[in-house]
Amino acid sequence: METQVYKEASRVYPKGLKTTSPAPFKLHSSITVLLRQYHNLLDTQLPPNTRVASTTLTLTMAACTVRANPIKAMPEIPEAEDKVVRPEIGWFPSYKVYKDRVDRLKVLEPNRPTTIPAGWPLQINSERAWSGSDFKSEDDYVFKFTSEDLIEIEAGLAHFKALPGNLGPDDVNQTTFPLPSLGSRLVEVSKTIHDGRGFVVLRGLEPDKYSNFDNILLYLGVTSYIAETRGMQDFDGRMLLHIQAVVEDIKKNGSMPNSPYVARAQPFHTDLCDVLSLYALNVAAYGGECFLASSAKIYNEIAKTRPDIIHVLAKDDWIFDEFWHGQYHQRPLLYNFDGHGPGFQFSRRPLTGAHFSPHHPDVPAMTEVQAEALDTVYFLAKEHAVELTLQKGDIEIFNNFAMLHARSGFSDEGNKRRHMLRLWLRNQERMWKVPPALEKVSWECYGDNEYRKNAIWDIERSPPELRIKHRRASCA
């Protein structure tokens, strides 16, 4: 059977700007593709008394046969059987399992530290130490563009596009995208993100008015006044990710994509950047709510009631699975940032594995004490999170070191299909000083390294090959 397959073909824009767009070609191959059925996890990350219907992504079992030529298919790497004895801990944790572990370790580990580590604060007393219940309405954190602001943004876009030379996204900055009045207020937003409560939602843009390319340009123009440096998001040099469910790519590739490209819920975690931004080109028909939790509030609660857990979180013996032929590295989950105090940097999947991403047997297990500490952070984040229901055109932007974030599962219908543009950003003047243990991650994201020499800007969407589990990427 002859099958039409779409591959993302690179196009070269002026000044070497590499973008991607679908280009059809016919692939003849002698394979059988089985599509598995996946279900969104229950929205267990929701704050108390919040209910969002979980959604189910169902794929029909199917197979197709094709002849191999002229393109070589990627060889299938058999998954090694994991016989390592690991704690009972899920990517989404069970509260019962967590409480049982807490009770059990009280007996098994009675002589744990009763004070926090030397040099760590007893409490973080700053604006970023909040609970979701502290916010009376979204007016407490939403920055609404005025009609004058929107005119100024469009004028900035027009100015950029009228400049001589063949300019692209890498050329967008405060000079090439002038916002003479709005710019100074966006600088104040940057102060809030770095030194205040840690997050803001910018509201009022109308993405349907613009092409995808112009949406990206104005997104970069606005955020350049908040955090001007953009981080690389994978080892191909990709500077922008399209966060959206891609069922059609699962059908074509026969493999489950990485987390940004499916509709399932996401537990509390951080990314690998300083500042994270999401521009909502569209929203889902149901679900897809965002949740932010203050790392300062979580730290304060643990330091007050379980100081021994601070020791565990700050120790450099946590196993991070790289999901690449059994490779892993070790580092802490909690860091004491100079001038700002403690903040987290971790994602659960490299620590716990998942049903769609199991550990390799060469990757050691975490300890029971670590499992207790990790789930303590999760359930405190759940308790104190604020829920953000983004509207089309919103830009959510927050301090990645000061927040944990999560997302409920979602369902797309008709023209309501969730589509976010993600940027990893840094403000060189206000950035939090990177701890030594995170310097490698920081360099991969923001450094002058070989991966980002040819910056890639995907204009329409991220390519399907990026979404397949064999791809090794920073956080894609």
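Provided above is the structure to which this section pertains.
Residues numbered from 1 in each chain as written. Predicted model: local features only at pLDDT ≥ 70, side-chain atom pairs only at ≥ 80, totals over all residues. Heavy atoms only, no water.

## Quick word on the overall build of the protein
Next up, step 1: Counting secondary structure elements, the protein contains 10 helices and 19 strands.
Next up, step 2: For the protein, with 476 residues in total, the buried portion stands at 54%.
Next up, step 3: Sequence separation of 24 or more characterises 80% of the internal contacts of the protein that already satisfy a separation of 6 or more.
Next up, step 4: With an accessible surface of roughly 21,300 Å², the protein has 51% of that area assigned to carbon and sulfur atoms. (Helix = DSSP H or I, 4+ residues; strand = E, 2+ residues; numbered from the N terminus. Buried < 20%, exposed > 50% of the residue type's maximum accessible area, 1.4 Å probe, protein only. Contact = heavy atoms within 4.5 Å. Areas by Shrake-Rupley, 256 points an atom, 1.4 Å probe, with all protein chains shown as cover.)

## Observations regarding unusual backbone geometry
Next up, step 1: Its identity as a non-glycine residue notwithstanding, Phe-323 has a phi of 50°, on the positive side.
Next up, step 2: For Phe-323, a relative accessible area of 22% translates into the label partly exposed.
Next up, step 3: In this structure, His-325 is a non-glycine residue whose phi angle is positive, near 55°.
Next up, step 4: Of note, His-325 is situated in the loop between strand S11 (318-321) and strand S12 (328-331).

## Focus on the pairing of S12
Looking down a regular strand, the side chains alternate between one sheet face and the other.
Next up, step 1: Two elements, S11 and S12, share 4 bridges in a ladder whose sense is antiparallel. By the bridge assignment, Phe-320 is partnered in S12 with His-329.
Next up, step 2: The antiparallel hairpin formed by S11 and S12 contains 6 residues in its connecting segment, where Phe-323 sits at a positive phi of about 50°. (Pairing = 2+ DSSP bridges.)

## So, the pairing of strand S16 (residues 395-399)
Next up, step 1: The buried count for S16 comes to 5 of 5 residues, which makes it a mostly enclosed element.
Next up, step 2: Relative to S16, strand S4 (residues 199-203) runs antiparallel, the two being bridged by 4 bridges. Looking at the pairing, Val-201 lines up with Glu-396 of S16.
Next up, step 3: Examined bridge by bridge, strand S8 (residues 275-282) and S16 share 5 bridges and lie antiparallel to one another. Looking at S16, one finds that Leu-276 is bridged to Phe-398.

## A closer look at the side chain of Ser-131
Next up, step 1: Mapped onto the secondary structure, Ser-131 falls in the loop between helix H1 (95-108) and strand S3 (142-144).
Next up, step 2: Accessibility expressed as a relative area gives 8% for Ser-131, which makes it buried.
Next up, step 3: A polar side-chain atom of Ser-131 sits 2.9 Å from a polar atom in the side chain of His-384.
Next up, step 4: Ser-131 has contacts with Lys-297 and His-384, leaving out every residue within four places of it along the chain. (Polar contact = N/O pair within 3.5 Å; in protein donor to acceptor, adjacent residues only side chain to side chain.)

## Regarding the environment of Ser-294
Next up, step 1: Assignment of secondary structure puts Ser-294 in strand S10 (residues 290-294).
Next up, step 2: With 87 residues separating them in the primary sequence, Ser-294 and Ala-381 have C-alpha atoms 7.4 Å apart.
Next up, step 3: Excluding anything up to four places from it in sequence, Ser-294 contacts Arg-128, Ala-129, Trp-130 and Ala-402.
Next up, step 4: Polar contacts involving the side chain of Ser-294 include one to the main-chain amide nitrogen of Ala-296, which spans 3.2 Å.

## Examining helix H6 (residues 295-305)
Next up, step 1: For H6, the buried fraction is high: 8 of the 11 residues fall into the buried class.
Next up, step 2: Along H6, the residues classified as buried are Ser-295, Ala-296, Ile-298, Tyr-299, Asn-300, Glu-301, Ile-302 and Ala-303.
Next up, step 3: Packing partners of the buried residues in H6 comprise S10, helix H7 (307-314), strand S13 (334-337), strand S14 (341-344), helix H9 (368-384) and strand S17 (403-407).
Next up, step 4: The opening residue of H6, the one whose side-chain oxygen lies 3.2 Å from the backbone nitrogen of Ala-296, is Ser-294.

## Side note on the packing of aromatic side chains
Next up, step 1: Evaluation of the coordinates by the stated rule reveals 22 aromatic pairs.
Next up, step 2: Their ring planes at 85° and their centres at 5.4 Å tell us that Trp-91 and Phe-92 sit as a pair that is edge-to-face. Note on accessibility: Trp-91 and Phe-92 belong to one class, buried.
Next up, step 3: Plain terms: the ring middles of Phe-143 and Phe-145 are 5.7 Å apart, the flat faces sit at 75° to each other, and that makes the pair edge-to-face.
Next up, step 4: In this structure Phe-145 comes out as buried when scored by relative accessible area, which is 9%.
Next up, step 5: Three or more aromatic residues joined by ring pairs make a cluster, and in this case those are Trp-91, Phe-92, Tyr-95, Tyr-98, Phe-268, Phe-356, Tyr-378 and Phe-379.
Next up, step 6: Here the guanidinium or amino end of Arg-331 rests over the ring plane of Phe-320, the centre of that ring lying 4.1 Å away. (Phe/Tyr/Trp six-rings, centres within 6.5 Å; stacked < 30°, edge-to-face > 60°. Lys NZ or Arg CZ within 6 Å of the ring centre and 35° of its normal.)

## What to know about the sheet that holds S17
Next up, step 1: Reading across the sheet, the 4 strands line up as S7-S17-S10-S15 and stay open at both edges, with antiparallel pairing between neighbours. Of all the strands in the sheet, just strand S7 (266-269) and strand S15 (386-388) have a single pairing partner and so form its edges. Sheet twist, expressed as the mean angle between neighbouring strand axes with direction ignored, is 20°.
Next up, step 2: In this sheet, S15 lies alongside S10 in antiparallel orientation, the contact comprising 3 bridges. Residue pairing for S15: Phe-291 is matched across the bridge by Glu-387.
Next up, step 3: Each of S10 and S17 is contacted by H6, which is oriented at about 50° to S10, the strand it contacts most. (Axes fitted to C-alpha atoms, helices over the stretch in contact; angles between N-to-C directions.)

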